[in-house]
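Chain and residue survey
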Amino acid sequence: MKRAVQILLVWGVAVSATLLLMSTLLPWAGTRGYAGSVIQNNYAQRNDATALFWTESPRTLELLEQIDRQRSNNGE
């Protein structure tokens, strides 16, 4: 019985700590620092950069240059 209480206590602390971090640290980290400003900028300009977060391509720089060329050709 004592072992079960210890296990429940450990799990309770772990779940509580996780929820606390998710409710305080993650929102803070999302609005601060480099990633926060990048995400806010992409949202403001309606850029969908989801693929850049989930994949890493050896052609990333080439693709970004291609996008820049297309934008400059379109007069943006």
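Residues numbered from 1 in each chain as written. Predicted model: local features only at pLDDT ≥ 70, side-chain atom pairs only at ≥ 80, totals over all residues. Heavy atoms only, no water.

**Side note on the overall build of the protein chain**
Scanning the protein chain from terminus to terminus reveals four helices and zero strands. Along the chain direction, N to C, the helices and strands of the protein chain fall in the order α-α-α-α. Evaluated residue by residue, the protein chain yields a buried proportion of 4% over its 76 residues. Approximately 7,200 Å² of the protein chain is accessible, and the part contributed by carbon and sulfur atoms is 64%. (Helix = DSSP H or I, 4+ residues; strand = E, 2+ residues; numbered from the N terminus. Buried < 20%, exposed > 50% of the residue type's maximum accessible area, 1.4 Å probe, protein only. Areas by Shrake-Rupley, 256 points an atom, 1.4 Å probe, with all protein chains shown as cover.)

**Some remarks on the confidence of the model for the protein chain**
Here the protein chain averages 81 in pLDDT, and 80% of its residues register 70 or above. By mean pLDDT, the top-scoring element of the protein chain is helix H1 (residues 2-31) (90), and the lowest-scoring one is helix H3 (residues 50-54) (65). (pLDDT = per-residue confidence, 0-100.)

**Some details on a nonpolar patch on the surface**
On the surface, Ile7, Trp11, Val15, Leu19, Met22 and Leu26 cluster together to form a nonpolar patch covering roughly 630 Å² of accessible area. Note that Met22 resides in helix H1. The exposure class of Met22 is partly exposed, given its relative accessible area of 48%. (Patch = residues over 30% accessible without salt bridge, like charges linked within 9 Å, V, L, I, M, F, W, Y side chains within 5 Å. Salt bridge = Lys/Arg side-chain N within 4 Å of Asp/Glu carboxyl O.)

**Considering the environment of Thr50**
Its place among the elements puts Thr50 in helix H3. In this structure the C-alpha to C-alpha distance between Thr50 and Ile39, which are 11 residues apart in sequence, comes to 10.0 Å.

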